[in-house]
Amino acid sequence: MSWLVALCLLLVQSEVHGFKIIGNSMTHQKITERAILNATVRVCRTLAVADGKGFTSPPQPFTPESVAAACEARKSSKSFRKTIKRIQKKNWLTDIFKVFDPKSHCDDEQLTEGQKIITDGLSTIKAANQVQSFTSATSILGKILHTLQDFYSHSNWVELRNQVPNSNLIKPKANIGKIADKTRATCRNCDGDDCTNNILEGILEEKILTSGYFSILPFKPAGKCSHGNFPDTTSLFEPKGGINKDTPTSSHGHLHFEAVNLAIAATSELLEDVRGAAGDKQFLQMMGISKGTALCFVIDTTGSMSDDIAAVRTVTASIIDSKVGTEDEPSSYILVPFNDPDFGPLTRTTDPELFKKSINSLPATGGGDFPEMSLSALQLALTGTPSNSEIFVFTDATAKDGHLRNPVIALIEQSKSVVNFMITGILGSRRRRQASNDPQQQHSHRMVRSDVQLYRDLSQASGGQAIEVSKDKLLEAISIITQSTSSAQVTLLQAARSTGKAENFTFTVDESVKNLTIYITGISVDFTLINPSGVIQSTTNTTGSSIITVKSVGNFHSLQLQTEVGMWEIRMDSTNPYTLKVIGESLIDFLFDFVKMSQGPFEGFVLEENRPSAGVNGTLMVTLIGGDSATVTEVTLVESSGSGQINGSVESQGGGEFFARFDEIPSFEFVVLVKGQKNSSITRASPEIFQRQSPTRLRASTLSVSSTDSDSVLEPGSPFQVHFSVMTSGTGGNFTIQATNDQTFPLSFSSVLFLDNGGSANGTMNITAPLSTRSGTGVTLTIEATSPAGTDSNYEVLRFTVLKPVTDFLQPECQLLSLQSNCSETCSQSMWELSVLVSDGSNGTGIDSVRLREGNGTLNTSMTADNNTLVNYTSSCCSPDVQLVTVDRVGNVESCSYSVRTTTTQDVTTNSPQDGITNSPQDATPAAASSSTRAVQSSFLCLGIAVLVLTLMSETEII
């Protein structure tokens, strides 16, 4: 059976089970990105029109950077692109982890089963969005989009001459069409290499749905179509050939681009449904589009923290007042309190006034013993904030839950968020210990100075600061460090030294960098700064053209610099530990992932979700952001606490992506340093050099931990079994298994797993969500394996969503009660109004919200005695149209459109896919159509989808 193993490996490596990269074909990744960019532009245009603003569509072809700029959120291009890449990655991983699962690819005529994957996933996405668990929502989105897109490549929907998507694929239990009986033949042999007519005429004439059978074993039911092409061995047996449209050279490759266009349209349709349930602003949040980054505070609320909380209140008000309405306005506000033995809950809001109230209501009571649950709170914050966020932890106590050190570091490495600790307890006696003569209590206080090293380690792992100040100086320290919070913040240089010594550092500043700042933490640290013009300034002489201001408080020093393009040098001299960080604001940045390159005739790669393999060659995939005219020339792994470095060989992959290949991944902790060139200035004769560095420390491991159970659904009260595997390239023995989750759900597992030398072993654990858990709640489970000697470890981070069984699959209904107008040619002097009753049926879950998608009048809603929603809308006749989006409590969506000229009701997923296109005849007599009027609705449905397909085909450049 060795041939079978080899064939399996080739299958995984060649990405053979969906739209693929061959010649000028379109991949799942390209289809997904195109649809997301189109959908995001439509949302931003709608919001701009609703706010009375103009909207300028970005130039074609759309890019994440151009779309973010058009949405007036250009600084969020990094988070937007990161979200797109997460969706693309989860889409692509379906070909890796579900390669032999026919329902995940709509193969083997398992089309109804594929529909269930899509609709179950949609229910989970909508529930996750309700509690703003956006990472879970977008991860699941990527998985179901693969199945949805494969329907158009693997089934005969295109061959049946359908010009629009199968909208029922995204509706639970809806009829997607008549599927061929298991005993009915569907195909004949291809005529040599010509498979254009291999589907039987009766199947086509009767509009019967079928899809190809796929297997590396030569078995399929008699007379059935095959998927086709290598390595599908079923296509070698009667009836020979296949029907897939994955590439232009596939068996039905002559229909590749028709399948692509339908897959893009279907993806857009599904995104419209998600948008309708979430609302436009929350849809953008899910996609990572926002003006600023999230503001996250993790706060100790014990009795001695009253002064600290007061300082946080003051700085919160200052941040909100200075940034609301600007391009740095926080995308969301997150608060996690902790003390002992409690922590949480996590509060998340987009309302700055509500966040102020949450801060103002924090108590400062109790205290008990000295340490607090700081790491549990930080763990919750790391899983509840978007990736690349900046988190501020306020405490005057050591950590009682130090066993969470490694899981927290794992989450830092995964999220690449920056954690800053504001520590006030070590510079003076804690108030609750101040009057004590108890030697044990005094010893507890003395432990603060040594135990604070844990906070220093965590801050350095994330690229943050551990700022140690007295309580009366905390407000000043917070004010300094929060001034630089920006979603466009980039790191140019970062270093940490555990033992002080004299050392020189250099960094390059390019034209795009603004607000150049140096942070130094440490006691008795001297520096000499030399700018590109040669001006020298030092600790004792900070006057001159380079340094604008110097602010020092406690062990924290901030140097605000006069930005100057070119090479800078800073000479550090200290006998004490210190950290150095150089930051600025710029739209040019990068994302990166370690990947494992495949072996064999097919080129491909698998993303490494955790720590890369140590001591062997490795590849880093770098994505350049905001540098349309830039290229990466150097990628280096730089030792975090020393001078070691490993240089990679850089290869451009096109589209702003680069592979950096390293002969060996180092055993020391490192950061990623990227350098490049850009031609951004017409005044420069030669390319300008730029440099960026990842703030997060990384490390390699001889272990790997993996699981395919991520993004699964937990049903409250039912144990879910997680399967995982551990592999080592080193010495075997008993490996320690630890697991923790951010919701403290019950876990059961074996704490020891035995591995042979260079071997692997499988393990299982159960996690149970309590019955009272709210649907949509995200759960992050971290599984860690540690070597027998305790010197090496690796982890797997899994995310789950809690979902109670959904039984309501019907959309809400709109019933027009009245529509009155006195509109005249002078529209500004006349008004119109309507009254609509919105209901969710006798067995529905109830109406959750009614929102305006179109119209700038006044909307009022009220509950009726029978739990329906009465909607009243009044508007000037200058705005003659209105569209109501109604959503029930499980995310079923209905869009109801009305006008003083005509009214219609239709599904939101097919409503006006291109902004500015109206489905209603403009001169019709005023009328209403409820959701029960399906005959009228169907005509608008077909028209709407047809417009969507034609629009996308005209906008899409197939490359």
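Residues numbered from 1 in each chain as written. Predicted model: local features only at pLDDT ≥ 70, side-chain atom pairs only at ≥ 80, totals over all residues. Heavy atoms only, no water.

Trainee: Where do I start with the sheet that holds strand β1 (residues 295-300) in this structure?
Mentor: In a beta sheet, neighbouring strands pair by backbone hydrogen bonds and run either parallel or antiparallel. Taking strand neighbours across the sheet as the criterion, the 6 strands line up as β3-β2-β1-β4-β5-β6 in an open arrangement whose pairing is mixed. The open sheet has two free edges, formed respectively by β3 (347-349) and β6 (466-468), since each of these has just one partner strand. Geometrically, the sheet is characterised by an average inter-axis angle of 15° between neighbouring strands, direction not taken into account. When strand β4 (residues 390-395) meets strand β5 (residues 418-423), the two strands line up parallel, connected through 6 bridges. Opposite I391, over in β5, you have V419 as the bridge partner. Against the sheet, helix α11 (residues 352-360) touches β1, β2 (333-338) and β3, its axis set at about 10° to β2. Contacts from helix α12 (residues 374-384) reach β1, β2, β3, β4 and β5, with the element oriented near 160° to β2. (Pairing = 2+ DSSP bridges. Helix = DSSP H or I, 4+ residues; strand = E, 2+ residues; numbered from the N terminus. Axes fitted to C-alpha atoms, helices over the stretch in contact; angles between N-to-C directions. Contact = heavy atoms within 4.5 Å.)

Trainee: Even after reading the chapter, I still don't get the pattern of salt bridges, so can you show me in this structure?
Mentor: Side-chain pairs of opposite charge can arise where the charged atoms are in close proximity. Scanning all chains against the criterion turns up 37 salt bridges. Note that E609 and K89 form a salt bridge whose closest N and O atoms lie 3.0 Å from each other. In this pair, E609 is assigned in the loop between β17 (605-607) and β18 (618-625) and K89 in helix α4 (residues 77-97), connecting sequence segments 520 residues apart. By relative accessible area, which is 19% here, K89 ends up buried. Salt bridges sharing partners connect three or more residues here, namely R42, E272, R275, D280 and R853. (Salt bridge = Lys/Arg side-chain N within 4 Å of Asp/Glu carboxyl O. Buried < 20%, exposed > 50% of the residue type's maximum accessible area, 1.4 Å probe, protein only.)

Trainee: Honestly, the packing of aromatic side chains in this entry has me stumped. Any pointers?
Mentor: Aromatic ring pairs: the centre-centre distance and the angle between the two ring planes describe each pair. Applying the stated criterion to the full structure yields 13 aromatic pairs. Taking the centre distance of 6.0 Å and the plane angle of 75° together, the rings of F297 and F392 count as edge-to-face. On the criterion of sequence distance, the pair formed by F297 in strand β1 and F392 in strand β4 is long-range, its members being 95 residues apart. Using a relative accessible area of 0% as the deciding quantity, one classes F297 as buried. Aromatic side chains F590 and F592 sit 5.9 Å apart centroid to centroid with 35° between the ring planes, which places their arrangement in the tilted category. As far as the burial class goes, F590 and F592 line up, both buried. Cluster of aromatic residues (ring-pair linked, three or more members): F297, Y333, F355, F392 and F394. Seen from the ring of F592, K416 lies directly overhead, with NZ or CZ sitting 4.8 Å from the centre. (Phe/Tyr/Trp six-rings, centres within 6.5 Å; stacked < 30°, edge-to-face > 60°. Lys NZ or Arg CZ within 6 Å of the ring centre and 35° of its normal.)

Trainee: What is the right way to read the state of the cysteines from this model?
Mentor: What is meant by a disulfide is a covalent connection between two cysteines, made through their sulfur atoms. With the rule as written, the count across this model stands at 6 disulfides. Residue pairing for C190: its cysteine sulfur links by disulfide to C195, the two sulfurs lying 1.9 Å apart. Disulfide C190-C195: torsion about the S-S bond near 110°, hence right-handed. You can call C190 buried: its relative accessible area is 13%. With a sulfur-sulfur separation of 2.0 Å, C827 is cross-linked through a disulfide to C878. Disulfide C827-C878: torsion about the S-S bond near 85°, hence right-handed. Here C878 lies in the loop between β38 (869-876) and β39 (881-888) and C827 lies in the loop between β34 (813-821) and β35 (831-839), a separation of 51 residues in the sequence. (Disulfide = S-S within 2.5 Å.)

Trainee: Would you mind showing me how to read the confidence of the model for the chain here?
Mentor: Predicted coordinates in regions of low pLDDT should not be interpreted in detail. When pLDDT is averaged across the chain, the result is 86; 86% of the residues are at 70 or more. Note on residues 427-448: pLDDT under 50 across the span, and 40 contacts to partners over four residues away in sequence or across chains. With pLDDT under 50 throughout, residues 906-959 is counted as low confidence; its partners more than four residues away or in other chains account for 118 contacts. (pLDDT = per-residue confidence, 0-100.)

Trainee: In this structure, what is going on with the nonpolar core? I would like to understand it.
Mentor: Taken as a class, soluble globular proteins show a tendency for nonpolar side chains to be buried jointly. By size, the foremost hydrophobic cluster in this structure holds 55 residues, and its most contacted members are L141, L148, Y152, L270 and M287. Counting residues per element, the ones that place at least two in this core are α2 (28-50), α3 (64-70), α4, α5 (111-130), α6 (134-154), α8 (256-278) and α9 (280-286). In this view, L148 contacts I118, L169, I170, A266, T267 and L270; residues no more than four positions away in its chain are not counted. Core analysis: the next-biggest nonpolar cluster, separate from the first, contains 31 residues, L375, L378, I409 and V419 among them. (Core = buried A, V, L, I, M, F, W, Y, C linked by side-chain atoms within 4.5 Å.)

Trainee: For this particular structure, what's the right way to read the side chain of S389?
Mentor: In this fold, S389 is placed in the loop between α12 and β4. One polar contact links the side chain of S389 to the main-chain carbonyl oxygen of P386, over a distance of 2.6 Å. Those residues in contact with S389 that sit more than four places away from it in its chain are T293, A294, S417 and V418. (Polar contact = N/O pair within 3.5 Å; in protein donor to acceptor, adjacent residues only side chain to side chain.)

Trainee: Would you take a moment to explain the side chain of T385 for this structure?
Mentor: Note on placement: T385 falls in the loop between α12 and β4. Its relative accessible area of 6% is what places T385 among the buried residues. There is a polar contact of 2.9 Å between the side chain of T385 and the backbone oxygen of A381. Here T385 is in contact with C296, I334, I391 and S417, once residues within four sequence places are set aside.

Trainee: Whenever I open this one, the sheet that holds strand β26 (residues 713-714) confuses me. Can you help?
Mentor: Overall, mixed pairing links the 5 strands, which are arranged β26-β33-β32-β28-β30 in an open sheet. Both outer strands of the open sheet, β26 and β30 (752-755), are each paired with one neighbouring strand and no more. Across 2 bridges, β26 lies against strand β33 (residues 793-802) in parallel orientation. Looking at β33, one finds that V713 is bridged to T801.

Trainee: Explanation requested: the packing of helix α10 (residues 306-323) against α11 in the structure shown.
Mentor: The relative placement of two packed helices is expressed as an angle between their axes plus a distance between the axes. Taken N-terminus to C-terminus, the directions of α10 and α11 make an angle of 170°; their axes are 10 Å apart at the nearest point. Classified by the angle between their axes, α10 and α11 sit roughly antiparallel to one another. Across the interface between the two elements, I309, V312, R313, T316, A317, I320 and D321 of α10 pack against P352, F355, K356, I359 and N360 of α11. Residues of the contact of α10 with α11, tallied by class, amount to 7 nonpolar, 2 polar and 3 charged. (Parallel < 35°, antiparallel > 145°, perpendicular 65-115°, else oblique. Nonpolar A, V, L, I, M, F, W, Y, C, P; charged D, E, K, R; others polar.)

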